[in-house]
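# Coordinate analysis (summary)
Below are the chains, spelled out letter by letter.
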Amino acid sequence: MPPELALPVTLASCVALACWALSLVFREYSWTDRAWSIVPPVYVATFAARAGWGDARLDLMTALTALWGARLTFNYARKGGYAPGGEDYRWAILRGRMSPLAWQAFNLLFIAGYQNALLLLIALPAWTAYQHRTPLGAADLGLAALFVALLVGEFVADQQQWRFHQAKKARAAAGTPEPKGFLDAGLWAYARHPNFFCELGQWWVLYAFAVVASGAALHATLAGPVLLTLLFHGSADFTESITAAKYPAYKDHQRRVSRIVPMPPRAEG
């Protein structure tokens, strides 16, 4: 193993083991979710630190991923994700569909194992940038601006979703009938998951930094954004199946509105 990979791989292994152990102790299965916004910036920072904090591109990548992590941590915290009992509601639904043995295998191999490996993989374009320490250029600055624009877009999408669910809770507390049950306004009128689009875009931009640094469009760290994209599509499948089962009108929303890439909605029909 290259020496610069030893620390991030060791950290990722320890985080995965801790998430698995904590899930067994507390019988809550969102420990990887709780680490999600924290560990990738740390992994990126290990490469910047190994370069002596003297490589402008690595320092920039570290700063950008730290901003990503801070925003996502804030959003997850305000939804109660770090509080006791703050487990993702989808895990309970999935757990009810599996035998106890199958669920524990899924917990070990996918939740704690695969997802933590993925959190390392999405940070590894910084490894490529470490291997190709070339001067920062205009392309890097353009990518940084795009990253920030996507970060702002994700903040707006999450803020719209937060306000919608707060209003939904207030209506439920007041006994007011729920008009629709799902968000289809603002950015959500153009994509069913605009937050996913912005989130994925940021990690594809991080990969683009490695492309600029190396001068090669394809290298091994492409696995990170590709696998993250596949994971988000699978997550969207599961989430939408739950929503469509609760709210019949959602199926028409699926027909009219793009899934992840924002587009003008199709006409009613």
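This one's a predicted model, so the numbers in the text were calculated from it and none came from an experiment.

## Regarding unusual backbone geometry
At arginine 27, a position not held by glycine, the phi torsion is positive, near 55°. Turning to its location among the elements, arginine 27 is positioned in the loop between α1 (3-26) and α2 (31-35). The phi dihedral of tryptophan 53 is positive, around 55°, even though this residue is not glycine. Mapped onto the secondary structure, tryptophan 53 falls in the loop between α3 (39-50) and α4 (56-78). Residue classification places tryptophan 53 among the partly exposed residues on the basis of a relative accessible area of 49%.

## Focus on the packing of helix α9 (residues 194-214) against helix α10 (residues 223-246)
At a closest axis distance of 10 Å, the pairing of α9 and α10 adopts a crossing angle of 170°. Viewed along their axes, α9 and α10 adopt a mutual orientation that is roughly antiparallel. Along its contact with α9, which presents Phe196, Glu199, Leu200, Trp203, Trp204 and Tyr207, the element α10 presents Pro225, Val226, Leu228, Thr229, Phe232, Ser235 and Ala236. Taken together, the residues of the contact of α9 with α10 break down into 10 nonpolar, two polar and one charged.

## Regarding the state of the cysteines
Any covalent bond linking the sulfur atoms of two cysteines counts as a disulfide. Overall, the coordinates contain zero disulfides when judged by the stated rule. This cysteine, cysteine 14, is not joined by any disulfide, and cysteine 19 carries the nearest cysteine sulfur, 11 Å off. In this structure cysteine 19 comes out as buried when scored by relative accessible area, which is 7%.

## Let's talk about a nonpolar patch on the surface
A contiguous nonpolar surface patch, about 460 Å² in accessible area, is contributed by Phe74, Val148, Val152, Phe155, Val156 and Leu187. Mapping leucine 187 onto the fold places it in the loop between α8 (138-174) and α9.

## Quick word on the environment of alanine 210
Tracing the backbone through its elements, the reader meets alanine 210 in helix α9. According to the relative accessible area criterion, alanine 210 is buried, its value standing at 0%. Between the C-alpha atom of alanine 210 and that of leucine 101, which follows or precedes it by 109 residues, the distance is 41 Å. Residues contacting alanine 210, with those up to four places away along its chain left out, are Pro125, Thr128 and His219.

## Observations regarding the side chain of serine 258
Note that serine 258 resides in the segment after α11 (250-256). Among the residues examined, serine 258 registers a relative accessible area of 12% and is labelled buried. A polar side-chain atom of serine 258 sits 2.5 Å from the main-chain carbonyl oxygen of valine 261. Among all residues touching serine 258, those that are not within four sequence positions of it are Tyr190, Ala191, Arg192 and Met263.

## Remarks on the nonpolar core
In this structure, Trp36, Phe47, Leu58, Met61, Phe209 and Leu228 are the most contacted members of the largest nonpolar core, which totals 47 residues. No other element matches the nine residues that α9 contributes to this core. Dropping the residues within four chain positions of it, leucine 228 is found in contact with Trp36, Leu118, Ile122, Leu200 and Trp203. Of all hydrophobic cores here, the second largest spans seven residues; its members include Tyr29, Leu94, Trp103 and Ile242.

## Quick word on α4
Taking 1.5 Å of rise per residue, the 23 residues of α4 would be expected to cover 33 Å, and the 33 Å separating its terminal C-alpha atoms lies within 8% of that figure. The backbone nitrogen of arginine 57 lies 3.2 Å from a side-chain oxygen of the residue at the head of α4, namely aspartate 55. Phi for glycine 80, located one or two positions after α4, is positive at around 85°.

## Quick word on the pattern of salt bridges
With the rule as written, the count across this model stands at 11 salt bridges. Arginine 95 is the partner of glutamate 87 in a salt bridge, and the nearest nitrogen-oxygen pair spans 3.3 Å. Given a relative accessible area of 18%, glutamate 87 falls into the buried group. Overall, the relative accessible area of 27% leaves arginine 95 in the partly exposed class. With a shortest N-O distance of 3.3 Å, arginine 255 and aspartate 252 are connected by a salt bridge.

Definitions and cut-offs
- Residues numbered from 1 in each chain as written.
- Predicted model: local features only at pLDDT ≥ 70, side-chain atom pairs only at ≥ 80, totals over all residues.
- Heavy atoms only, no water.
- Helix = DSSP H or I, 4+ residues; strand = E, 2+ residues; numbered from the N terminus.
- Buried < 20%, exposed > 50% of the residue type's maximum accessible area, 1.4 Å probe, protein only.
- Axes fitted to C-alpha atoms, helices over the stretch in contact; angles between N-to-C directions.
- Parallel < 35°, antiparallel > 145°, perpendicular 65-115°, else oblique.
- Contact = heavy atoms within 4.5 Å.
- Nonpolar A, V, L, I, M, F, W, Y, C, P; charged D, E, K, R; others polar.
- Disulfide = S-S within 2.5 Å.
- Patch = residues over 30% accessible without salt bridge, like charges linked within 9 Å, V, L, I, M, F, W, Y side chains within 5 Å.
- Areas by Shrake-Rupley, 256 points an atom, 1.4 Å probe, with all protein chains shown as cover.
- Salt bridge = Lys/Arg side-chain N within 4 Å of Asp/Glu carboxyl O.
- Polar contact = N/O pair within 3.5 Å; in protein donor to acceptor, adjacent residues only side chain to side chain.
- Core = buried A, V, L, I, M, F, W, Y, C linked by side-chain atoms within 4.5 Å.
- Expected span 1.5 Å × (residues − 1).

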